[in-house]
Amino acid sequence: MKSDIRVCADWEREHDRPVYTLASTCPDCGGEAVNSAPAPFSPEDSYGEYRRSLKRRRRE
Ligand SMILES: [Zn+2]
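Here the structure is a predicted model, which is why all the values come from computation and not from measurement.

A. Focus on the overall build of the protein chain. Tallying secondary structure elements over the protein chain gives two helices and three strands in all. Expressed as a percentage of the 60 residues in the protein chain, the buried residues total 13%. Excluding contacts between residues fewer than 6 apart, the proportion of contacts in the protein chain whose partners are at least 24 apart in sequence is 29%. When the accessible surface of the protein chain is split by element, carbon and sulfur atoms take 48% of a total near 5,600 Å².

The following block contains the structure:
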C-alpha cells in the first residue's frame, strides 16, 4: 500500500512536532513536504515481538 501522507521536511526546525499533509508543501511554513515513510517498517513483526517479550516478562 502506498501512502500519500507527507511530512514537513523542516518540521524539526520550524515546528514543535511533525506537520503532516497530503500536499507537496507544508501548510504551515510553506516548505517542502516529503514522504513520511521513507523507511519500510513492519509494525506487525516488531510489535508482536515486543508484546511477546512483555508478556513473558510479566509472567516471570
Ligand atoms: Zn513546515
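B. Representation of the pattern of salt bridges within the structure. Tallied over the full model, the rule gives one salt bridge. The residue Arg 13 makes a salt bridge to Asp 10 at a minimum N-O spacing of 3.0 Å.

C. Focus on the coordination of the zinc ion. Distances from the zinc ion to its protein donors, namely Cys 8 (SG), His 15 (NE2), Cys 26 (SG) and Cys 29 (SG), fall within the range 2.0 to 2.3 Å. Taken together, the four donor atoms coordinating the zinc ion span angles of 106 to 113 degrees at the metal, a pattern that classifies the geometry as tetrahedral. Sequence spacing among the residues donating to the zinc ion works out to C-x6-H-x10-C-x2-C. By relative accessible area, Cys 8 is classed as buried at 1%.

D. Up close: the environment of Asp 10. Relative to the helices and strands, Asp 10 resides in the loop between strand 1 (6–8) and helix 1 (11–14). In this structure Asp 10 comes out as partly exposed when scored by relative accessible area, which is 31%. Residues Asp 10 and Glu 32, 22 residues apart in the sequence, show an inter-C-alpha distance of 7.6 Å.

Criteria and thresholds
- Residues numbered from 1 in each chain as written.
- Predicted model: local features only at pLDDT ≥ 70, side-chain atom pairs only at ≥ 80, totals over all residues.
- Heavy atoms only, no water.
- Helix = DSSP H or I, 4+ residues; strand = E, 2+ residues; numbered from the N terminus.
- Buried < 20%, exposed > 50% of the residue type's maximum accessible area, 1.4 Å probe, protein only.
- Contact = heavy atoms within 4.5 Å.
- Areas by Shrake-Rupley, 256 points an atom, 1.4 Å probe, with all protein chains shown as cover.
- Salt bridge = Lys/Arg side-chain N within 4 Å of Asp/Glu carboxyl O.
- Donors = N, O, S within 2.8 Å, 3.2 Å for Na, K, Ca; no water.
- Tetrahedral: all angles 85-135°; square planar, octahedral: opposite > 155°, others 65-115°.

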